[in-house]
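# Observations on the model geometry
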Amino acid sequence: MSAAAAISAADRRNLFFRLSGFYGAFFLVIGALLPFQPIWLDSRGLNPVEIGSIMAAIFWVKIASHPLVAHIADQRGHGRRLSMILAMLALCTCLLLTGAVDFWPITLLCSLFAALYNPILPVMENIALRVVRDAWLDYGRVRLWGSISFIVGTTATGAFLSGRDPDWIMWIAAGTVCLVLIACWTMPERARPASKSLSNPLSLLIRPDFVLFLAMAGLLQVSHAVYYAFGSISWRNAGLDESMIGFLWGIGVVAEVLLFAFAGRISRKVGPLGFLAFAAVGGLIRWPLTPLTNDPLRLIPLQCLHALTFGAAHLGAMAYLTRSVPDRLGATGQSLYYAVTGGLLMGVTMPLAGMMYADVGTAAYNAMGACSALALPGLLVLRRMQKRKTAEA
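The sections below set out a description of the structure shown in this document. Quick caveat, the model's predicted, so the values are computed rather than measured.

### Here we look at the overall build of the protein chain
In terms of helices and strands, the protein chain carries 17 helices and zero strands. Against the globule reference of 21 Å for 393 residues, the protein chain gives a C-alpha radius of gyration of 20 Å, in line with a compact fold. Expressed as a percentage of the 393 residues in the protein chain, the buried residues total 57%. If you take every contact in the protein chain between residues at least 6 apart in sequence, the share linking residues at least 24 apart comes to 86%. Taken as a whole, the protein chain presents about 16200 Å² of accessible surface, with 68% of it coming from carbon and sulfur.

### Considerations on the packing of helix α5 (residues 79-97) against helix α7 (residues 120-135)
In contact at an axis separation of 10 Å, α5 and α7 are set at 155° when each is read in the N-to-C sense. Classified by the angle between their axes, α5 and α7 sit roughly antiparallel to one another. Here the hand of the crossing between α5 and α7 comes out left-handed. Residues Gly-79, Arg-80, Ser-83, Leu-86 and Ala-87 of α5 form the contact with α7, whose participating residues are Ile-120, Val-123, Met-124 and Ile-127.

### A closer look at the nonpolar core
Phe-22, Tyr-117, Ile-120, Phe-210, Phe-213, Tyr-337 and Met-350 are the most contacted members of the largest nonpolar core, which has 129 residues in total. The element that contributes the greatest number of residues to this core is helix α13 (residues 242-289), accounting for 16 residues. Filtering out sequence-adjacent residues up to four positions away, Met-350 remains in contact with Gly-52, Met-55, Ala-56, Phe-59, Ala-225, Tyr-228 and Ala-229.

### Overview of helix α17 (residues 365-392)
Counted at 1.5 Å a residue, the expected span for α17 with its 28 residues is 40 Å, and the 42 Å between its end C-alpha atoms agrees. Taken residue by residue, α17 has Tyr-365, Met-368, Gly-369, Cys-371, Ser-372, Ala-375, Gly-378, Leu-379 and Leu-382 as its buried positions. Buried residues along α17 sit against α11 (208-222), α12 (225-237), α13, α15 (306-324) and α16 (330-360).

Parameters and conventions
Residues numbered from 1 in each chain as written. Predicted model: local features only at pLDDT ≥ 70, side-chain atom pairs only at ≥ 80, totals over all residues. Heavy atoms only, no water. Helix = DSSP H or I, 4+ residues; strand = E, 2+ residues; numbered from the N terminus. Rg over C-alpha atoms; globule rule 2.2 N^0.38 Å. Buried < 20%, exposed > 50% of the residue type's maximum accessible area, 1.4 Å probe, protein only. Contact = heavy atoms within 4.5 Å. Areas by Shrake-Rupley, 256 points an atom, 1.4 Å probe, with all protein chains shown as cover. Axes fitted to C-alpha atoms, helices over the stretch in contact; angles between N-to-C directions. Parallel < 35°, antiparallel > 145°, perpendicular 65-115°, else oblique. Left-handed = near helix turned anticlockwise from the far one by under 90°. Core = buried A, V, L, I, M, F, W, Y, C linked by side-chain atoms within 4.5 Å. Expected span 1.5 Å × (residues − 1).

So, to be careful, I would describe these as geometric facts and stop short of saying anything about function.
Following this line, the structure appears as structure tokens:
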């Protein structure tokens, strides 16, 4: 009898709700912070270059924090307990941010919060992907609750902030981090004995196919740099209020939810690299057209392309990691993905995005389209490498 057959329908439902609850709580925080943290930074009197530098620092710390936390998780095998500790420390840091002023204190505290909060996702996602595989759950339908929660976070925070002081943003973030702590506590543990062997990331980084995957997935992620750092600011400067800004962010994720809901039906035909290619094509369309209008009716269809630029890229990356990384290096593989794509590469791109935005404004989006274009030939090479590897096997 297979492991999946041994799991009852009731147990599957229970696992589905627990996994979905974690994604819902985690991305509620992101929904409250990602669109509005730049506005909070702007309200503290920081200029575009300083905002870009802080956003870069948030990504840079992932280079150290993700592998370190993943190493502990792979060695100890208690990801849930570790994530609860990280969530508690992140909550304390978020509360300190409510009173922070000036560039350096804000930079240090934002970086510390990112170093504590962001590694929770790859540790828990490593658990979730293995549970999904063993219980025959649909990952897209589990993950879509994170996207739905992101929509709730953006729209509710935007509506609440209309006419209110941006200082509320950090208090909202602190409240939502409390929910993450509870969600981590309810996650399945998948505990295992502590490993005496080292989970050496070099065993993955010496693989040319894995390195090329990280580079191409990274290009697709950094294509969002201008949008993440200055999308909300540019729309507010164009006369859109926080409620409309939150709606625009949310509508993009609605399209992402629809993709996640039906991804299971097409994943076998498309495959990981097919999803990544869709993301690149979506970026080629979305980013050059975004700076051409501030009309919400025209921005809505462009925002719907978030289903491709982020949603398809995420599905492709997760499927690739699940298929190509052994279980004993699961958390390490996840952490390398997030550290390189969302840490190293985004950390390099964010200051450049700040400088480009300061110089040319929203025309900086054109550089983001170029990042999407560069990913396509690399994905073709990766496809050939996989075919050659399959033929040799």
